[in-house]
Amino acid sequence: MALGHVLLGLLARGGRHGYDLKRQYDARFPMAKPIAPAQVYATLERLLRDGLVAPGGTDRGGGPDRTSYEMTPAGRLELDAWLAEVEAPTPFVSNPLAVKVTLALLVAGDDAAADYLQRQRAAHRERMREYTRVKTDPDTSLAGVLAADYALNHLDADLRWIDTALARVASLSEELRP
Amino acid sequence: MTSPPDDTGTDEGLLLAGRALVRSYGHSPALRGISVGTRRGEILAITGPSGSGKSTLLLCLAGILRPDAGEVRFDGRRIDTDSEAERSRLRRTRFGVLFQFGQLVPELTAAENVAMPLLLAGVKRRPALTAAGTWLERFEVADLATHRPTEMSGGQAQRVAMARALVTEPEVLFADEPTGALDTLAGEQVLTELVRVTRQAGMTVLMVTHDAKVAAYADREIVIRDGMADDGAPTSALRGALGRAGAR
Ligand SMILES: Nc1ncnc2c1ncn2[C@@H]1O[C@H](COP(=O)(O)OP(=O)(O)OP(=O)(O)O)[C@@H](O)[C@H]1O
Ligand SMILES: [Mg+2]
C-alpha cells in the first residue's frame, strides 16, 4: 500500500495543505506507523507530477507548505481502482519470534527457548489487555477501535503459535541438532 | 504479571482466596495444590488448556464443590467448611454464578428466569420482574422477556443468564466462559457490557476462559495447567518430551 493512495483518499472530500494531510493521517490511523512531514511533501510532489493532484491555491504568506492540493479526475479514477483492488496476502510471513526460538534452541537449548516463549506470552497478554482497554474506552474513535481489533487478532494468533511452539520445542531441537 | 496471594496466613487485602486447593474426581486429580486470590473490585481471568481444572477451581471458590484439601476464604472467613445450607445462602446473597451448561430453567420465560434469584431472596414478584426487565434491557434482550429458553439462540440465552447472574447485584461474579469464543461482534458487546456493569458496581469478577481475547478484558490473569498454577516451568508433557530428547 503506497502512501500516495492514502493521501488521495484523504483528499477525496476536498483540498488540503500538506501539513493538514499529515494531521488527518495521524487522526485517522492513530496506531499506524507514523509518517514524517517530508514523506507527505515528497509524495504530493509525485502525485502532482503524475497529474493525480493539482495545486488548489496558496495562502497569504506563501511558502511550499502553504500550498493546498486537490484531487484531479484522474486521481479519483486511480483512487477508485485502488480501493476496489484486493490486497495480495503477504507471501512471506515475517515472524521474529520464530527466528528467536530457532536461534535460542541452537545457541542456548530447550529450556532457554521454552523460557523465552513463556515470557513472550506474558508480554503479549499484557499488550492485549492494553489494546482491550483502548478498544472499550468510549472515547476511542472508530479508526482506533478498528486498529485495536486488528492488533488483538494478530497478537491472539501469535499466542496460539506460542502455545504450539512450546509443545514443539523438544522435537524442533532434535531436528536442528546434527 | 501475576502477584500471588500472600503466604503469611492472613490473605490480607484479598476478598476471596483459595489456598493449596486439591480436588479429585474419583482417583483422577483435577486440582493439585493451586492457590489463587483476588482483591475487591478486580476482574481476574483464569485461563488454561481444556481439562486443566479451570471449572473445578471456579466451583470450589464459589462454594459449590468442596475441596479435598486446602481452604477457601471469603471476606476474611473460611467458607469451605461451612454447611451446604450456609454456602447456598452465600451463593444466593453475595455471589452470582454464570456457568457453562444448564443455566436457564426451560419452563420459565426469560423475565421469570432473571427474576428467580430475587424471588428466592424474598423480593415480591412485581418488583422482581421490574428489576429483571431492567437487566434484560442492559444486555439488549428486553424483547425476549416472554420467550422461553428453547426459543432463543445460544448467545441470547447467554445474555439472559448474565442478567440473571447480576440481578441480585452480587459482590462476586463467577463466570465460566461468559461469552464462549469472541468470534462475533455480539459476543464482544456482551463482554464489554459485562465489564462496564461490573466495574461500575465495583463487583469482583472471576472469569474462566480459554480465549486470550476474552482474558484481555480482565485486570489480571492466572494460567492453570494440570491443576496447578502455570509459573512458566515446562509442562509435564513438555518435560516428558524434553526428557526423551535429553536421553537420546
Ligand atoms: N464431574 C466430573 N467427573 C469426573 N471427572 C471430572 C468431572 N469434572 C471434571 N472432571 C475432570 O477433571 C479435570 C478438570 O476438569 P475441568 O472441567 O475443571 O477442566 P476445564 O479446565 O474447565 O476444562 P474445559 O476448558 O474443557 O472446560 C479433567 O480431567 C476432567 O476430565
Ligand atoms: Mg470448564
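Given the structure is predicted, the values throughout are model-derived calculations rather than measurements.

## Examining the pairing of strand 3 (residues 43–47) of chain B
Residue and element names in this part refer to chain B.
- Counting buried positions over the 5 residues of strand 3 gives 5, a clear majority of the element.
- For strand 3 and strand 8 (residues 204–208), the ladder comprises 4 bridges, and the chain directions are parallel. From the neighbouring strand, I46 faces strand 8, where its bridge partner is V208.
- With 4 bridges joining them, strand 3 and strand 9 (residues 220–225) adopt parallel strand pairing. For L44, the partnering residue across the bridge sits in strand 9 and is R220.

## A closer look at the packing of aromatic side chains
All names here are of chain B.
- Within this structure, the stated rule accounts for 4 aromatic pairs over all chains.
- Relative to F139, the ring of W135 has its centre 6.5 Å away and its plane inclined at 25°; by these criteria the two rings are stacked.
- Judged by relative accessible area, which is 5%, W135 ranks as buried.
- When its relative accessible area of 2% is taken as the criterion, F139 is described as buried.
- Above the ring of W135, the side-chain terminus of R138 is found at 4.4 Å from the ring centroid.

## Here we look at the domain arrangement of chain A
- When cut into domains, chain A gives domain 1 (3–84) and domain 2 (96–176).
- If you average the C-alpha positions of domain 1 of chain A and of domain 2 of chain A, the two centres end up 36 Å apart.

## Thoughts on the confidence of the model for chain A
- Across chain A, the average pLDDT comes to 86, with 88% of residues at or above 70.
- The least confident element of chain A, judged by mean pLDDT, is strand 2 (residues 53–58) of chain A at 83; the most confident is helix 3 (residues 37–49) of chain A at 94.

## Points about the nonpolar core
Residues and elements named next belong to chain B.
- In this structure, V114, W135, L136, F139, V160, L166 and M207 are the most contacted members of the largest nonpolar core, which totals 38 residues.
- Those elements that provide at least two residues to this core are strand 3, helix 3 (110–120), helix 4 (125–138), helix 5 (154–166), strand 7 (172–176), helix 6 (185–200), strand 8 and helix 7 (212–215).
- Broken down by element, this core gets its largest block of residues, 6 residues, from helix 5.
- Not counting chain neighbours up to four residues away, the residues in contact with M207 comprise L44, A45, I46, A175, P178, L191, V214, A215, Y217 and A218.
- By size, the runner-up hydrophobic cluster in this structure holds 26 residues, among which are L15, L57, L206 and I224.

## Notes on the sheet that holds strand 5 (residues 77–78) of chain B
All names here are of chain B.
- Read across the sheet, 4 strands follow the order 2-1-4-5 without closing on themselves; strand pairing throughout is antiparallel. The two strands at the open ends of the sheet, each matched to only one other strand, are strand 2 (28–38) and strand 5.
- Note: strand 1 (residues 16–25) against strand 2, 8 bridges, orientation antiparallel. From the neighbouring strand, L16 faces strand 2, where its bridge partner is T38.
- Docked against the sheet, helix 1 (residues 54–61) engages strand 1, strand 2 and strand 4 (69–74), running at close to 125° with respect to strand 1.

## Quick notes on the site of ligand 1
All names here are of chain B.
- Neighbouring ligand 1 are 11 residues; S50, G51, K54, S55 and T56 lie closest to it.
- In the environment of ligand 1, an oxygen atom lies 2.8 Å from a nitrogen or oxygen atom belonging to the backbone of G51.
- Take G53: an N or O atom from its main chain is 3.1 Å from an oxygen atom of ligand 1.
- Relative to its free-state accessible area of 640 Å², ligand 1 is covered by the protein chains to the extent of 57%.
- The greatest single-element share of the shell around ligand 1, amounting to 3 residues, is contributed by helix 1.
- Its residues placed into classes, the shell around ligand 1 shows 3 nonpolar, 7 polar and 1 charged.

## Some details on the sheet that holds strand 10 (residues 228–229) of chain B
All names here are of chain B.
- Strand order in the open sheet made by the 6 strands is 6-7-8-3-9-10, with mixed pairing throughout. Where the open sheet ends on each side, the last strands, each with one partner, are strand 6 (95–98) and strand 10.
- Pairing between strand 6 and strand 7: 4 bridges, direction parallel. Residue pairing in the sheet places F95 in a bridge with V172 of strand 7.
- Seen against the sheet, helix 5 touches strand 6 and strand 7 and runs at an angle of roughly 170° to strand 6.
- Seen against the sheet, helix 6 touches strand 3, strand 7 and strand 8 and runs at an angle of roughly 135° to strand 3.

## Re unusual backbone geometry
Residue and element names in this part refer to chain B.
- Of note in the backbone geometry, E140 takes a positive phi value of approximately 60° without being a glycine.
- Residue E140 is classed as exposed on the basis of its relative accessible area of 59%.
- One non-glycine residue, D226, lies in the positive phi region at around 50°.
- On the secondary structure map, D226 appears in the loop between strand 9 and strand 10.

## A few points about the pattern of salt bridges
- According to the stated counting rule, one finds 29 salt bridges over all chains in the structure shown.
- The shortest N-O distance in the salt bridge between B:E84 and B:R87 comes to 3.3 Å. Of this pair, B:E84 and B:R87 are both found in helix 2 (residues 84–93), 3 residues apart, which corresponds to roughly one turn of the helix.
- Here B:E193 ties to B:R196 by a salt bridge, and the two come within 2.9 Å at their closest N and O atoms. With B:E193 and B:R196 both in helix 6 and 3 residues apart, this pair spans about one turn of that helix.
- A relative accessible area of 17% places B:E193 in the buried class.
- Because the salt bridges share partners, they merge into one network encompassing A:R125, A:E126, A:R129 and B:E221.

The rules behind the values
- Residues numbered from 1 in each chain as written.
- Chains lettered and ligands numbered in written order.
- Predicted model: local features only at pLDDT ≥ 70, side-chain atom pairs only at ≥ 80, totals over all residues.
- Heavy atoms only, no water.
- Buried < 20%, exposed > 50% of the residue type's maximum accessible area, 1.4 Å probe, protein only.
- Helix = DSSP H or I, 4+ residues; strand = E, 2+ residues; numbered from the N terminus.
- Pairing = 2+ DSSP bridges.
- Phe/Tyr/Trp six-rings, centres within 6.5 Å; stacked < 30°, edge-to-face > 60°.
- Lys NZ or Arg CZ within 6 Å of the ring centre and 35° of its normal.
- Domains from an automatic or database assignment.
- pLDDT = per-residue confidence, 0-100.
- Core = buried A, V, L, I, M, F, W, Y, C linked by side-chain atoms within 4.5 Å.
- Contact = heavy atoms within 4.5 Å.
- Axes fitted to C-alpha atoms, helices over the stretch in contact; angles between N-to-C directions.
- Near = heavy atom within 4 Å.
- Polar contact = N/O pair within 3.5 Å; in protein donor to acceptor, adjacent residues only side chain to side chain.
- Areas by Shrake-Rupley, 256 points an atom, 1.4 Å probe, with all protein chains shown as cover.
- Nonpolar A, V, L, I, M, F, W, Y, C, P; charged D, E, K, R; others polar.
- Salt bridge = Lys/Arg side-chain N within 4 Å of Asp/Glu carboxyl O.

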